[in-house]
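Examining the three-dimensional arrangement
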Amino acid sequence: MSISSAADAASPRQGLAAQAARRRTFAIISHPDAGKTTLTENLLLAGGAIRAAGQVRARGENRRTRSDWMKIERERGISVSASVMTFDHDGKMFNLLDTPGHEDFSEDTYRTLTAADAAVMVLDAAKGIEPQTLKLFEVCRLRDIPIVTFINKMDREAQDPIALLDEIASKLALDPAPLYWPAGSGNRFKGMLDLQRDMFIPFAKKTADSDGEHPEPVAFHGGNSIASYLEEGEHQELEEGAMLVQEASKPFDRQAFLEGHMTPIFFGSALRHFGVDQLLEGIGAYAPPPKTVKAAKSGEPMGVEPGDKEVTGFVFKVQANMDPNHRDRIAFLKLTSGKFSRGMKLKVQNTGRQLSVNAPIMFFASDRELAEEAFAGDVIGIPNHGVLRVGDSLSETGTLRFAGLPNFAPEILQRVRVKDPLKAKHLKKALEGLAEEGVTQLFRPNIGADFIVGAVGQLQFEVMADRLANEYQLEVIFEPSPYAEARWLGGDKADVEDFAGKHRSAMATDIDEQPVFLAKSSWEIGYVGERYPKVRFERTKERT
Ligand code: G4P
């Protein structure tokens, strides 16, 4: 049945709810090198979105040749741009949000996570939980995003799986609920036991005379076939291990998982496409469909249900077109309700501007396609010339606003100057453009003509310099600024004004004209904080 006939079959509202219910929008979080790219590719393979492994990278390479600033990605072997990949598999519509892995780009990753309804946490079986995993996990917890765990690289020597579960329990305060249990690791990796079905899933080593295709699952008890995969001692060891872990851990409880207290555990080898089908099946079965989202309508708090008729959504990412000859941007819109159809008019809440969405894009793994229709949970790309910004709320009436797309206080603040002074005006426009995309943050000090650019990591400056040169033909110089920290001001209006008036030389405005205090040290923030107890010095800002 086609997507639309399913929607039209029942009453419109039921149809919308049913469409939303089959969406699974998720992101992968991991520490660099744990295998996120490899897993992404193999999930697409498992979902039938690509036919052979290697296409994601190949597609990346093509894209890179078209875009100069992506040289940085290529040279450093890191991924700095995020996108979404959509595939329809086994009755479910999966939207995989790709997040950049490098820690300098965590701000971008955080925003992408605001569009995810679930996350897959990939751990390297030899390394367990690494620093970046922990950081991203904390963001998921803050946003109540349920976590599925995939323990990767079982084809290599791994830590004791029980120790890995202990680490998850102690470091993340999450109950691990293994759905599978591995038989050995590295050279002795034989496969895994499906604890719910009591089936053994054999792992085929790649050897000179085998292509490494994994055999079909066999009964763990009561059949003869198992003997061809496990020796008696191995069988017994797996049986005892599985029994022990089942006694020691709580059984999988979907409600506890959805509430963020429990994580189902999958094992596998992304590189060898082992355990990936099971993971995808698990995401389809357990990960949540899009949920009710908090918003305000004409100032009144309310919840937007995925089955609501009005088409609504929010922009969580804006990316400049990969084609340097065009300055279009693509805004990534996560739909939160309604049935979107191509050509529809949507209004931006804060500016009131109306937009005819004539060429919305959906990102299928091998291609971009025009989206004729989309439902809550889906992500569409809207090409535009700067009308849309990160954090914008779109709806048919234009009266609805979503809360919660944060800006994070930058950790590095630099002054930016253009080499050719005649191009100063040009620079302003370019900096504003990049700030609107969320590449970097822009602060304009109340005194003086310089701009201060803020970023979470040094690499953001390099990307920015590269893009300014290639897309705007501007050679810029970054210089150290006297500032170490930036804080948005909140609290009583009169107190904020009093503070700002007395600290004029340290005050700036951000791209939304909001007041920002630029401090020379974190000590200074503590100091002024004590003297102005009614002013809040905030590390994050949610756009209003
Ligand atoms: P990332 O996106 O999380 O940074 O990781 P990526 O997938 O790029 O994987 C990092 C390295 O780990 C790659 O090796 C990849 O082949 C390897 N890898 C991923 N999954 C598995 C697995 O299940 N088993 C084993 N043995 N290796 C795995 P590389 O040598 O750094 O890169 P490449 O030359 O293979 O591309």
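Rules of the game
Residues numbered from 1 in each chain as written. Predicted model: local features only at pLDDT ≥ 70, side-chain atom pairs only at ≥ 80, totals over all residues. UniProt positions renumbered as here; feature names shortened; annotations may be inferred. Helix = DSSP H or I, 4+ residues; strand = E, 2+ residues; numbered from the N terminus. Contact = placed C-beta atoms within 7 Å. Near = placed C-beta within 6 Å. Nonpolar A, V, L, I, M, F, W, Y, C, P; charged D, E, K, R; others polar. Pairing = 2+ DSSP bridges. Axes fitted to C-alpha atoms, helices over the stretch in contact; angles between N-to-C directions. Parallel < 35°, antiparallel > 145°, perpendicular 65-115°, else oblique. Domains from an automatic or database assignment. Buried ≥ 20, exposed ≤ 12 C-beta atoms within 10 Å, placed from the backbone. Left-handed = near helix turned anticlockwise from the far one by under 90°. pLDDT = per-residue confidence, 0-100. Expected span 1.5 Å × (residues − 1). Arc of directions from axis to C-beta.

- As recorded in an unreviewed UniProt entry, the chain goes by the name Peptide chain release factor 3, listed as coming from Phenylobacterium deserti.
- A UniProt comment under Subcellular location (unreviewed entry) is attached to the chain, and it reads "Cytoplasm".
- For the record of the chain, the UniProt heading Function (unreviewed entry) holds the text "Increases the formation of ribosomal termination complexes and stimulates activities of RF-1 and RF-2. It binds guanine nucleotides and has strong preference for UGA stop codons. It may interact directly with the ribosome. The stimulation of RF-1 and RF-2 is significantly reduced by GTP and GDP, but not by GMP."

**Details of the overall build of the chain**
- Broken down by element type, the chain carries 15 helices and 34 strands.
- A sequence separation of at least 24 residues applies to 70% of the contacts in the chain between residues at least 6 apart.

**Thoughts on the site of the ligand**
- In the region of the ligand, 16 residues are neighbours, and Gly35, Lys36, Thr37, Thr38 and Leu271 sit closest.
- For the shell around the ligand, the element with the most residues is helix H3 (residues 36-46), which contributes three residues.
- Its residues assigned to classes, the shell around the ligand comprises four nonpolar, seven polar and five charged.

**With respect to the sheet that holds strand S12 (residues 293-297)**
- With respect to topology, three strands assemble into an open sheet ordered S13-S12-S24, the strand pairing being antiparallel. Both outer strands of the open sheet, strand S13 (300-304) and strand S24 (400-402), are each paired with one neighbouring strand and no more. Pairwise comparison of adjacent strand axes, ignoring direction, gives a mean angle of 40° for this sheet.
- Bridge count for S12 against S13 is five bridges, and the pairing is antiparallel. Bridge assignment links Lys294 to a residue of S13, and that residue is Gly303.

**Topic: the packing of H3 against helix H11 (residues 276-286)**
- It is the contact of H3 with H11, at a shortest axis distance of 9 Å, that shows an interaxial angle of 75°. With respect to H11, the axis of H3 lies roughly perpendicular. Residues Asn42, Leu43 and Ala46 of H3 lie in contact with H11, whose contacting residues are Val276, Asp277 and Leu280.
- The residue inventory of the contact of H3 with H11, partitioned by class, reads four nonpolar, one polar and one charged.

**Quick notes on the domain arrangement of the chain**
- As far as domains go, the chain holds domain 1 (23-286), domain 2 (293-404) and domain 3 (407-542).
- With centres defined by C-alpha atoms, the gap from domain 2 to domain 3 works out at 28 Å.

**Observations regarding unusual backbone geometry**
- Unlike most non-glycine residues, Asp33 shows phi in positive territory, near 85°.
- If you trace the backbone, Asp33 turns up in the loop between strand S1 (23-30) and H3.
- In this structure, Asp144 is a non-glycine residue whose phi angle is positive, near 55°.
- Considering the arrangement of structural elements, one finds Asp144 in the loop between helix H7 (131-142) and strand S5 (147-152).
- Taking the number of C-beta atoms within 10 Å as the measure of exposure, Asp144 has 11 and is therefore exposed.

**Some thoughts on the packing of helix H12 (residues 424-437) against helix H13 (residues 458-472)**
- Put simply, H12 and H13 touch, their axes get as near as 11 Å, and they point 120° apart. With respect to H13, the axis of H12 lies oblique. Handedness of the H12/H13 crossing: right-handed. Contacts from His426, Ala430 and Leu434 in H12 reach Met464, Arg467, Leu468 and Tyr472 in H13.
- In the contact of H12 with H13, the residues fall into five nonpolar, one polar and one charged.

**Observations concerning the sheet that holds strand S26 (residues 412-418)**
- Read from one edge to the other, the open sheet built from eight strands follows the order S29-S26-S28-S27-S31-S32-S30-S33, with strand pairing classed as antiparallel. Every other strand in the sheet has two partners, leaving strand S29 (476-480) and strand S33 (535-538) as the edge strands with one partner each. Across the sheet, the axes of successive neighbouring strands diverge by a mean angle of 40°, strand direction being ignored.
- Alignment of strand S27 (residues 441-445) against strand S28 (residues 451-455), held across three bridges, turns out to be antiparallel. Looking across to S28, one finds that Gln441 is bridged to Gly454.
- Lying over the sheet, helix H14 (residues 493-502) contacts strand S30 (485-491), strand S31 (507-509), strand S32 (515-519) and S33, oriented at roughly 145° with respect to S30.
- Relative to the sheet, helix H15 (residues 522-531) contacts S30, S32 and S33, its axis offset from that of S30 by approximately 20°.

**Structural notes on the environment of Gly186**
- Relative to the assigned elements, Gly186 resides in the loop between strand S7 (180-183) and strand S8 (191-194).
- Between the C-alpha atoms of Gly186 and Glu157, which are 29 residues apart in sequence, the distance is 4.2 Å.
- The contacts of Gly186, once residues within four sequence positions are left out, are Asp155, Arg156, Glu157 and Ala158.

**Re the confidence of the model for the chain**
- Scored by pLDDT, the chain has a mean of 86; 86% of the residues are at 70 or more.
- Within the model, pLDDT remains below 50 along residues 1-9, and this stretch shows 11 contacts once partners closer than five positions in the same chain are excluded.
- Every residue in residues 58-82 is under pLDDT 50, and counting partners more than four places away or in other chains gives 40 contacts.
- For this predicted complex, the interface confidence comes out at an ipTM of 0.97, alongside a pTM of 0.81.

**Description of H7**
- The end-to-end C-alpha separation of H7 is 17 Å, in line with the 16 Å expected for 12 residues at 1.5 Å each.
- Those residues of H7 that sit buried are Thr133, Leu136, Phe137 and Cys140. All buried residues of H7 fall inside an arc of 110° around its axis, so they share one side. Facing away from the buried surface of H7 by more than 90 degrees, the exposed residues are Pro131, Glu138 and Leu142.
- In the stretch just after H7, Asp144 is the one whose phi turns positive, near 55°.

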